[in-house]
Amino acid sequence: MAGKGMKTEALWTHLYWLTVLAEQGSFTRAAERLDVSKAAVSQKIKELETLTGVALVQRTTRSVRLTSAGEQLAGELREPFTRIAESVYRVRDEAGPVRGQVRISAPVAFARQQLVPIIGDFLREYPQVRLQLDVTDRLVSLGGEGFDLAIRHSQSLPETHVALPLCATRALLVASPAYLAQHGVPQTPDALLQHNCLWYPRGPDAPQWRFQSHQGGETLTVKIQGNFATNNSESIRDAALQGAGIAMLPDFSARAALESGALQPVLSSWQAIDAFADRLWVVRPYAAQVPRAVTTFIHWLRARFIDG
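Let me sum up the structure you'll find in this document. Since the model is a prediction, treat every value here as computed from it, not as a measurement.

Procedures and definitions
- Residues numbered from 1 in each chain as written.
- Predicted model: local features only at pLDDT ≥ 70, side-chain atom pairs only at ≥ 80, totals over all residues.
- Heavy atoms only, no water.
- Core = buried A, V, L, I, M, F, W, Y, C linked by side-chain atoms within 4.5 Å.
- Buried < 20%, exposed > 50% of the residue type's maximum accessible area, 1.4 Å probe, protein only.
- Helix = DSSP H or I, 4+ residues; strand = E, 2+ residues; numbered from the N terminus.
- Contact = heavy atoms within 4.5 Å.
- Pairing = 2+ DSSP bridges.
- Right-handed = clockwise from strand over helix to strand, strands pointing away.

Attention shifts here to the nonpolar core. Counting 26 residues, the largest nonpolar core has Phe110, Leu115, Leu149, Ile151, Leu166, Phe297 and Leu301 as its most contacted members. Those elements that provide at least two residues to this core are strand S3 (100-106), helix H5 (108-125), strand S5 (149-153), strand S6 (161-168), strand S15 (279-285) and helix H10 (292-306). Once residues within four sequence positions are removed from consideration, Phe110 is found in contact with Leu115, Ile151, Leu166, Phe252, Leu280 and Phe305.

Here Leu301 lies in helix H10. For the pair Leu301 and Leu166, spaced 135 residues apart in sequence, the C-alpha to C-alpha distance is 7.8 Å.

Looking now at the pairing of S3. Pairing analysis gives seven bridges linking S3 to strand S4 (residues 129-135), with the strands arranged parallel. Within S4, the position partnered with Gly100 by the bridge is Val129. Viewed along the sheet, the connection from S3 through H5 into S4 turns out right-handed. Bridge analysis of S3 against S5 gives two bridges, and the strand direction is parallel. Along S5, the bridge assignment pairs Ile104 with Leu149.

Structure follows, in structure tokens:
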């Protein structure tokens, strides 16, 4: 019988190249993936067919298609070879310096104002890690779009993912000194009815802001009005910096302008509630094995924000 007494360990290269051929669909692309010649791939497949005694590939002048036997064999081999590759990557990952790529999604304002200014510190500490940052307020699909982690400013988190708290946040009411000098400083939430408010739209309903008193815990809801609304807190902040009105912002978007005096706090004895999420989270897909570069970046990031 063909193949009787064959040593399967001598066929490992042949078998792996068959899985690559099945994946790529042509000898040319398989050769490019393996960084060998097209003739070398063809020869290995012919040797495998001889040793197994069955046709594994149907060849034509234009295409290559695996036979049912070839598809079955390649399909059964795919998972073992994937596990072998993962084992090799894991061993390499755990040895020596932290290395690899980390793909991150983060909200625009937080990324630009808080994350990017400190990212150089991480890259100097871990020079063999490559960070790819996608800045968007859209809630991306981590698994579907290939992200290793996301920073989320949200009350709703996916149950199928691992969510770690990054830092607490709160909403602040702010305005420029020029606006307040011209229009006056409101002393109570109801006084906002006399002001131009810059707001973050929440669906088709009329905008309203809710407040809770720091003194007695009293809660008030004010139906505000204003001539500018946008779904990006940086844009609201920039309009406030121009003296356009009173803005409600997450603290991380207002911090630098408050520290410089370009914006001033409004209604400090009241806390805005239900405007934005009260916490930032680091979210990653669940996985039994997490790359060392990913866990290192998460630990570094949380140390910077939780301790800072």
